[in-house]
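Commentary on secondary and tertiary structure
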Amino acid sequence: MRDAVAQYVEAQNSLDVTLYARVYPALAGERRRMVEQAFANLKSQTLELDVQRVEIDGSRAKVSGFERRLAIPRIGSEQRDARVRTIHLEKRGDGWVITNLN
């Protein structure tokens, strides 16, 4: 579970759509194209996630935390965002994947 959350943060920070889709398999089709376009419009992005609570129920888990993001677009001024984030995960095989982000 920690690896999945760490990969989510790494994918955001490296603007790596392939890694993001690996840890968040629902990122497909039009949704993936939207993320690809969003990442392409950025020079860089820094995401910090402070995990506040982890709840595990069998093969499902919920990670709650506070997310701070600084995005530097290719054109325009930097954008900052801070929000409470809930990451829903599911154990598949030997690892965990993200099933939903709120």
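The structure contained in this document is the topic of the report that follows.

Cut-offs applied
- Residues numbered from 1 in each chain as written.
- Predicted model: local features only at pLDDT ≥ 70, side-chain atom pairs only at ≥ 80, totals over all residues.
- Heavy atoms only, no water.
- Helix = DSSP H or I, 4+ residues; strand = E, 2+ residues; numbered from the N terminus.
- Rg over C-alpha atoms; globule rule 2.2 N^0.38 Å.
- Buried < 20%, exposed > 50% of the residue type's maximum accessible area, 1.4 Å probe, protein only.
- Contact = heavy atoms within 4.5 Å.
- Areas by Shrake-Rupley, 256 points an atom, 1.4 Å probe, with all protein chains shown as cover.
- Lys, Arg positive; Asp, Glu negative; His and termini not counted.
- Charge placed at Lys NZ, Arg CZ, Asp CG, Glu CD.
- Phe/Tyr/Trp six-rings, centres within 6.5 Å; stacked < 30°, edge-to-face > 60°.

**Some words on the overall build of the protein chain**
What the protein chain contains, in helices and strands, is three helices and four strands. Overall, the protein chain shows an N-to-C arrangement of helices and strands of α-α-α-β-β-β-β. A globule of 102 residues ought to have a C-alpha radius of gyration of about 13 Å, and the protein chain, at 14 Å, matches this closely. The principal-axis extents of the C-alpha atoms in the protein chain amount to approximately 45 × 30 × 20 Å. Looking at the protein chain residue by residue over its 102 residues, the buried ones come to 36%. Of the contacts made within the protein chain by residues no fewer than 6 positions apart, 45% connect residues no fewer than 24 positions apart. Total accessible area computed for the protein chain in this model is approximately 6,300 Å², and 46% of it derives from carbon and sulfur atoms. Positive and negative charge centroids in the protein chain, built from 17 and 14 side chains respectively, lie 3 Å apart.

**Topic: the packing of aromatic side chains**
One pair of aromatic rings is described through two measures. These are the centre distance and the angle between the planes. Summed over the entire model, instances satisfying the criterion amount to three aromatic pairs. Plain terms: the ring middles of Tyr 20 and Tyr 24 are 5.8 Å apart, the flat faces sit at 50° to each other, and that makes the pair tilted. Pair check on accessibility: Tyr 20 and Tyr 24 agree, each one buried. Seen from their ring centres, Tyr 20 and Phe 39 are 6.2 Å apart, and the 25° between their planes marks the pair as stacked. Taken as a pair, Tyr 20 in helix α2 (residues 17-23) and Phe 39 in helix α3 (residues 29-40) lie far apart in primary sequence, 19 residues in all. We note that Tyr 20, like Phe 39, is buried. Three or more aromatic residues link up through ring pairs in this structure, and these residues are Tyr 8, Tyr 20, Tyr 24 and Phe 39.

**So, the environment of Ala 21**
Secondary-structure assignment places Ala 21 in helix α2. Ala 21 sits 66 residues away from Ile 87 along the chain, and the two C-alpha atoms are 15 Å apart. Each residue touching Ala 21, except ones within four places of it in the same chain, is listed here: Leu 27 and Arg 32.

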